[in-house]
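Structure assessment
Okay, here's what each chain looks like letter by letter:
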Protein chains: 2
Amino acid sequence: MTKDASVTNRIDPDSLGFLTGDLARLMRAAFEREIDRGAVPVTSAEARVLAHMARCGATRQNKLADRLGVAPMSLTGFLDKLEQAGLIARGTDPSDRRAKIVTLTPAADAVLEQIAQAGDRARTLARRDISDADWALFRDVALRLRGNLEQARRAAVPGRGVPA
Amino acid sequence: MTKDASVTNRIDPDSLGFLTGDLARLMRAAFEREIDRGAVPVTSAEARVLAHMARCGATRQNKLADRLGVAPMSLTGFLDKLEQAGLIARGTDPSDRRAKIVTLTPAADAVLEQIAQAGDRARTLARRDISDADWALFRDVALRLRGNLEQARRAAVPGRGVPA
DNA sequence: GTCATTTAGTATGTCGGCCTTACTATATGG
DNA sequence: CCATATAGTAAGGCCGACATACTAAATGAC
């Protein structure tokens, strides 16, 4: 077997890194097609912000950024647009005047329902011919992979644990 | 139960769309940390192009773009950089002077090995405490999800199947 | 009480990953 | 022969992220 053959056989275009990238890119495209069809006025990342806010209620921005795993500035950009669309509101934190509390507005209810429906349709496309049992195990492993990767990310961030 | 409670309980920040986005974002970050550590001279998307080329050998650009699921112009950008880095070469297709055949250069061997090693390390972080059996089923379901989504994408592209 | 240090949020600039439109050169088929 | 389609690309743009540096506010050691 030549060296060339051994090198090219070793790399796997379906390894975890590439496979998760494919899944995300294709799921996002499917979701965006459904968002367009339903005229939902948010992007997929903005939808994710709203989904997390719906789950955790009124929250400080820094906590929400941490929960989403993005830099505070990234969240600020998303919130600017969502505030402009009338879907969230920012208020001051009486216990710390630097901090801001973000909340969903009543207008967000309808959009959240649209997002949920778009997600349902995209997931239905993806899940075709996959049993409930396989699906449950897939989700379980995916959640554990995410947890492991989230831990690795926190360990890699400067200023955490051992001083930089 | 109030209406507000029912709406916010319905949306799931861990539904497939958001979950795959999280996995991709975190895997990409882990892979990029390993690429940086190993001084690998490519981005994650460029690595993916090389991985697919390694698998399918000398190929026309339009076929490679199709295999990667990106627009021809997107692939052109990646190939420009890889060519500039000396990792791929473009040649003419004698059977069609419009078409170009892309091949890996000998210099790509070492980079492919580095990419494979970076991917191994990232995957090891992610897989911690996940059994071989669970892993195998996860991969199987992920590949099927990708296949389903790829089919849905092809069906949605204008000019395919039923005329637009 | 003072002040060095830290933190919350943001302005600005940048990068990577993609896309669309429009173009030239070439191929195809009626 | 020529209308139509295709391969690859130039140009411009969008989205999702980040880093640095800044202001305002909080904290804690002394």
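Rules used throughout
One numbering rule holds for all chains: residues counted from 1, following each sequence as written. Lettering of chains starts at A and numbering of ligands starts at 1, both following the order in which they are written. At least 70 in pLDDT is required for a residue's local features to be given in this predicted model, at least 80 for side-chain atom pairs to be given and counted, and no such filter applies to totals for whole chains, interfaces and linings, which use all residues. Where side-chain values are given, they derive from all heavy atoms of the structure, hydrogens and water being excluded. All copies are superposed by least squares; the fitting set is the C-alpha atoms of residues with a pLDDT of at least 70 in both. A contact between two residues is defined here by any heavy atoms of the two lying within 4.5 Å. By nonpolar core is meant a set of buried Ala, Val, Leu, Ile, Met, Phe, Trp, Tyr and Cys residues that side-chain atoms within 4.5 Å join together. Residue exposure (1.4 Å probe, protein chains only): buried if accessible area is under 20% of the type maximum, exposed if over 50%, otherwise partly exposed. The way it works is that DSSP assigns letters per residue, a run of H or I at least four long becomes a helix, a run of E at least two long becomes a strand, and they are numbered from the N terminus. By convention here, the domain bounds are inherited from an automatic or database domain assignment. By definition, the buried area sums, over both parts, the 1.4 Å-probe accessible area that each loses when the two are put together. Should a side-chain nitrogen of Lys or Arg be within 4 Å of a carboxyl oxygen of Asp or Glu, the pair is scored as a salt bridge. Side-chain atoms alone can form a polar contact between residues adjacent in sequence; in general such a contact is a pair of N or O atoms within 3.5 Å, and within protein one must be able to donate a hydrogen while the other accepts it. When we say a residue is near a molecule or strand, we mean one of its heavy atoms is within 4 Å of it. Only four residue types enter the tally: Lys and Arg on the positive side, Asp and Glu on the negative side; His and the chain ends are excluded. Known as pLDDT, the predictor's per-residue confidence is scaled from 0 to 100. Note on method: axes are straight lines fitted to C-alpha atoms, helices fitted across the in-contact stretch only, with angles between N-to-C directions ranging 0 to 180 degrees. The scheme is simple: roughly parallel for angles under 35 degrees, roughly antiparallel for over 145, roughly perpendicular for 65 to 115, oblique for anything else. Left-handed is the label given to a crossing in which the near helix is rotated counterclockwise from the far helix by less than a right angle, and right-handed is the label when the rotation is clockwise. Polar here means any residue other than Ala, Val, Leu, Ile, Met, Phe, Trp, Tyr, Cys and Pro, which are nonpolar, and Asp, Glu, Lys and Arg, which are charged; Gly is therefore polar.

**Section: the relation of the copies chain B and chain A**
With an RMSD of 0.0 Å, chain B superimposes on chain A once it is rotated by 180 degrees and translated 0.0 Å along the axis. Classification of the inter-copy transformation places it as that of a two-fold axis. Every residue of chain B has its C-alpha some distance from the rotation axis, and the shortest such distance is that of Phe138(B), at 2.5 Å. When the interface residues of chain B are mapped onto chain A, 100% of them again fall at the interface, so both copies present the same face.

**A word on the nonpolar core**
Here is a general trend for soluble globular proteins: nonpolar side chains tend to be buried in one another's company. In terms of nonpolar packing, the biggest core is built from 30 residues, with Phe138(A), Leu145(A), Phe138(B) and Leu145(B) touching the most fellow members. Looking at this core, the elements that each hand over two or more residues are helix 2 (16-37), helix 6 (108-127) and helix 7 (132-156) of chain A together with helix 2 (16-37), helix 6 (108-127) and helix 7 (132-156) of chain B. Summarising the domain contributions, this core has at least three residues from each of domain 1 (15-127) and domain 2 (130-158) of chain B. Discounting residues that sit within four places of it in the chain, Leu145(A) has contacts with Leu16(A), Leu23(B), Ala126(B), Arg127(B), Ile130(B), Trp135(B) and Phe138(B).

**What to know about the environment of Asp66(B)**
Residue and element names in this part refer to chain B. Mapped onto the elements of the fold, Asp66 is located in helix 4 (residues 61-68). On the basis of relative accessible area, Asp66 is assigned to the partly exposed category, the value being 35%. Along the sequence, Asp66 and Glu46 sit 20 residues apart, while their C-alpha atoms lie 15 Å from each other.

**Some words on the interface of chain B and chain A**
Tallying the contact residues gives 66 residues for chain B and 66 residues for chain A. Interface of chain B and chain A: buried area, both sides summed, is about 6700 Å²; carbon and sulfur atoms make up 64% of it. For the chain B face of the interface with chain A, the top three residues by lost area are Ile11(B), Arg146(B) and Leu149(B), together amounting to 10%. Between Arg144(A) and Asp134(B) there is a salt bridge, with the nearest N and O atoms lying 3.5 Å from each other. Here chain B is connected to chain A by 22 residue pairs in polar contact (both at pLDDT 80 or more). Elements represented by at least two residues in the side of chain B that touches chain A include exactly helix 1 (3-10), helix 2, helix 3 (44-56), helix 6 and helix 7 of chain B.

**Details of the protein's contact with DNA strand D**
Lining the immediate surroundings of DNA strand D are 22 residues, of which Ala71(A), Ser74(A), Asn62(B), Arg98(B) and Lys100(B) lie closest. For DNA strand D, the backbone portion of the atoms within 4 Å of the protein, that is sugar and phosphate, comes to 72%. A distance of 3.1 Å is found between a phosphate oxygen of DNA strand D and a backbone nitrogen or oxygen belonging to Arg97(A). Here a sugar or linking oxygen of DNA strand D sits 3.4 Å away from a polar atom, N or O, in the side chain of Arg98(A).

**Thoughts on the side chain of Glu46(B)**
All names here are of chain B. Here Glu46 shows up in helix 3. No salt bridge forms around the buried Glu46; measuring N to O, its nearest opposite-charge neighbour Lys81 is 4.4 Å away. Separated by 2.9 Å, the side chain of Glu46 and the backbone nitrogen of Thr43 make a polar contact. Those residues within four positions of Glu46 in sequence are excluded, and the remaining contacts are Pro41, Phe78, Lys81 and Leu82.

**So, the confidence of the model for chain A**
Per-residue confidence for chain A averages 89 on the pLDDT scale, and 90% of its residues sit at or above 70. Long-range and interchain partners of residues 159-164 of chain A, a stretch whose pLDDT sits below 50, account for three contacts in this model, where long-range means more than four residues apart.

**Considerations on the packing of helix 2 of chain A against helix 6 of chain A**
All names here are of chain A. As a packed pair, helix 2 and helix 6 sit with axes 9 Å apart at the nearest point and diverge in direction by 130 degrees. Considered as vectors, helix 2 and helix 6 are oriented oblique to each other. Crossing handedness for the pair helix 2 and helix 6: right-handed. On the side of helix 2, the interface is formed by Met27, Ala30, Phe31, Glu34 and Ile35, while helix 6 contributes Ile115, Ala118, Gly119, Arg121, Ala122, Arg123, Leu125 and Ala126. A class-by-class count of the residues in the contact of helix 2 with helix 6 yields nine nonpolar, one polar and three charged.

**Topic: the pattern of salt bridges**
Per the counting criterion, the structure on display carries 40 salt bridges over all chains. A salt bridge links Glu83(A) to Arg90(A); the shortest N-O distance between them is 2.8 Å. Given the relative accessible area of 35%, Glu83(A) is considered partly exposed. We classify Arg90(A) as partly exposed; its relative accessible area is 22%. With its nearest N and O atoms 3.3 Å apart, the salt bridge here joins Asp66(B) to Arg154(B). With Asp66(B) in helix 4 and Arg154(B) in helix 7, the pair connects residues that are 88 residues apart, well separated along the chain.

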